[in-house]
Amino acid sequence: MSGVRFPFEPFRIKMVEPIGLTTREEREALLQEAGYNPFLIPAEKITIDLLTDSGTGAMSQAQWSAMLSGDESYAGARSYYHLRDVVQRVTGMPYFVPAHQGRAAENVFFAALDVGPGMFVPANQHFDTTRANVEVRGAQALDMVVSEGMEPHNLAPFKGNIDLDRLARFIDEMGAEHIPAVIITITNNSGGGQPVSLENIRRTKDLLAPHGIPLVLDAARFAENSYFIKMREPAAAEMSVAEIARATFDLADAFLMSAKKDAIVNIGGLIGVRDGTLFQKISTELILREGFITYGGLAGRDLEALAVGLEEGLDEHYLAYRVGQTAALAGRLQEAGLPLVEPPGGHAVFIDAKEMLPHIPQRQFPAHSFVVEMYRVGGVRAVEIGSVMFGGVDPVTGAERFPELELVRLALPRRVYTSSHLEYVADVCAEIYRRRETLRGLKIVYQAPTLRHFTARFSPL
Ligand SMILES: Cc1ncc(COP(=O)(O)O)c(C=O)c1O
């Protein structure tokens, strides 16, 4: 019997969606057809889908009913004004526009900021689309997360913090005129979903302000980050999560948000800024790429769902359940002996495949091998964040390169799976772990020139 308890779900279910149940033989055939790449397996053939927490959440009755009152006017829709009131209450940001998702917000924002060659955009850690949107403009995206952020077993509470000494040195060396913005990603998705402290954000702002460099939040998981601050940062313990979120946004000059995460919508994004001139440039870019400033690529009904979700995502009972569910899954896996990135993040559990499968060299993709076995054994879909995603041939030296961390990510969709679903996932992982020496690596038989993990095909060794 396990000692780890899953949290109480603060909702009940009134609409159900059948789950894909398959036999082991069917899954073996599906794996072969998909070239051993779970991205290429139809979702209906997945039993528990932990591929991502982005856009996969279950909306509430309040969100669904708000959608029915969506105003589909092209300009000045009532739904826009509803969203505007909520965005101002939650973030305090004087100007905002909707966008259809996070990467669209990034594209519009970096264009308006005139990011270009010879410029540098430091961050605690860029998410891959943020990095790509900086690099595609010829600028350099730099990661400056604190060193403990790269140590899987370091239990530091805020492993997503930016390294302020490094950032200060960098500004002195490069000159503020070459740094159009500094980004803080909350929570740090690329680094295990680890939070950033309010103190770290405040000190970053204090460092940047005299140089006139804007502080930009990549705020996809602003609510989970605020909840971690309440739990772990003594100075904020008496504040509500909504107050912490507001205090976080108050320190920023701008924010970008993929609303598909903590605002619990299936599609949507936001850009918020303090500066009126920058807002005008953003408006021009938005109209060119996304749509008019009062809808930004979304339907009126989407704006309504987003307005409701932004505040629902800050509910403390919901957040206690959400972060508790991730921690409980992590606890069950640790009881079974699996090595994890610790402490668990908000949206996902990360398994350290380098430590778990030392007999499979990185060039044979140990984390991916575990991901494939999870589908084979239990129909569970996870994602590799390791040498398939970040490895490959260095375009400059031609040498094979491997990432520092070799991880399996189990991302939890919001309000979708119950504790018994996650107990099942833990049992599947534990069963594979017990006979981990039997796992074998894979080789790539097809790969695209960029972002190969989405479409690569493999054959087992
Ligand atoms: C931190 C972060 N920023 C940006 C994005 C991009 O958002 P979207 O998928 O909505 O384009 C994501 C998505 O996973 C993310 O996690």
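Re the overall build of the protein chain
Looking only at helices and strands, the protein chain features 16 helices and 16 strands. Seen along its three principal axes, the alpha-carbon backbone of the protein chain occupies a region of about 60 × 55 × 45 Å. The buried share among the 461 residues of the protein chain stands at 50%. At a minimum sequence separation of 6, the contacts of the protein chain that also span at least 24 residues come to 71%.

What to know about the site of the ligand
Around the ligand, a shell composed of 14 residues is seen, among which Q101, G102, R103, F127 and S258 lie nearest. Only α4 (102-112) and α5 (128-135) provide two or more residues apiece to the shell around the ligand. Looking at the shell around the ligand, its residues break down into two nonpolar, nine polar and three charged.

Concerning unusual backbone geometry
T187 follows I186 through a cis peptide bond whose omega is -25 degrees. Examined against the element boundaries, T187 turns out to sit in the loop between β5 (182-185) and α7 (198-208). With an omega of -20 degrees, the peptide bond between E342 and P343 qualifies as cis. Relative to the assigned elements, P343 resides in the loop between α12 (316-335) and β9 (348-352).

Notes on the nonpolar core
Counting 87 residues, the largest nonpolar core has V121, V182, V216, F255 and I271 as the members making the most contacts within it. If you count residues domain by domain, this core takes at least three from each of domain 1 (24-53 + 315-460) and domain 2 (61-312). If near-sequence neighbours (up to four positions away) are discounted, F255 is found in contact with T91, M93, V216, L217, A219, F249 and G272.

Side note on the domain arrangement of the protein chain
According to the domain assignment, the protein chain consists of domain 1 (24-53 + 315-460) and domain 2 (61-312). Using C-alpha coordinates to define each centre, domain 1 is positioned 27 Å away from domain 2. The interface is formed by 18 residues belonging to domain 1 together with 17 residues belonging to domain 2. Secondary-structure elements contributing two or more residues to the side of domain 1 that touches domain 2 are α12 and β9.

Here's the deal with the sheet that holds β9
Taking strand neighbours across the sheet as the criterion, the three strands line up as β9-β14-β11 in an open arrangement whose pairing is antiparallel. Every interior strand has two partners, whereas the edge strands, β9 and β11 (383-385), have only one. Recorded for the sheet is a direction-independent mean angle of 30 degrees between the axes of neighbouring strands. Across three bridges, β11 lies against strand β14 (residues 407-411) in antiparallel orientation. Bridge pairing in β14 links V383 to R409. Here α12 sits on the sheet in contact with β9 and β14, set at roughly 25 degrees to β9.

Things to note about the pairing of strand β3 (residues 120-123)
Residue alternation in β3 divides its side chains into two sets, F120 and P122 and V121 and A123, and both sets are buried. As defined by bridge partners, β3 adjoins strand β4 (residues 140-143) across four bridges and the pair is classed as parallel. Across the sheet, residue F120 finds its bridge partner in β4, namely Q140. Traced from β3 through α5 to β4, the parallel crossover comes out right-handed.

Comments concerning the packing of helix α3 (residues 78-91) against helix α11 (residues 300-312)
How two helices sit against one another is set out by the angle between their axes and by the gap between those axes. One way to put it is that α3 packs onto α11 with a least axis distance of 8 Å and a crossing angle of 25 degrees. Compared by their axis directions, α3 and α11 come out roughly parallel. Crossing of α3 over α11 shows left-handed handedness. Listed contacts from α11 to S79, Y80, H82, L83, V86 and V90 of α3 are G300, L303, E304, L306, A307, L310 and E311. For the contact of α3 with α11, the class distribution of residues is eight nonpolar, three polar and two charged.

Digging into the pairing of strand β8 (residues 269-273)
Counted residue by residue, β8 has five buried out of five residues, so it is predominantly covered. In β8, alternate side chains face the same way, and those of G269, I271 and V273 on one face and L270 and G272 on the other are all buried. With five bridges connecting them, strand β2 (residues 95-99) and β8 associate as antiparallel partners. Bridge pairing in β8 links A99 to G269.

Describing the environment of L329
With respect to the element layout, L329 can be found in helix α12. Ignoring anything within four residues of it in the chain, the contact list for L329 reads V349, L410, L422, V425 and A426.

Some points on the environment of I244
Relative to the assigned elements, I244 resides in helix α9 (residues 241-250). I244 gets classed as buried once you count the C-beta atoms within 10 Å, which come to 23. Here I244 is in contact with L198, S226, I229, K230, A236 and M239, once residues within four sequence places are set aside.

Rules used in this analysis
Residues numbered from 1 in each chain as written. Predicted model: local features only at pLDDT ≥ 70, side-chain atom pairs only at ≥ 80, totals over all residues. Helix = DSSP H or I, 4+ residues; strand = E, 2+ residues; numbered from the N terminus. Buried ≥ 20, exposed ≤ 12 C-beta atoms within 10 Å, placed from the backbone. Contact = placed C-beta atoms within 7 Å. Near = placed C-beta within 6 Å. Nonpolar A, V, L, I, M, F, W, Y, C, P; charged D, E, K, R; others polar. Core = buried A, V, L, I, M, F, W, Y, C linked by C-beta atoms within 7 Å. Domains from an automatic or database assignment. Pairing = 2+ DSSP bridges. Axes fitted to C-alpha atoms, helices over the stretch in contact; angles between N-to-C directions. Right-handed = clockwise from strand over helix to strand, strands pointing away. Parallel < 35°, antiparallel > 145°, perpendicular 65-115°, else oblique. Left-handed = near helix turned anticlockwise from the far one by under 90°.

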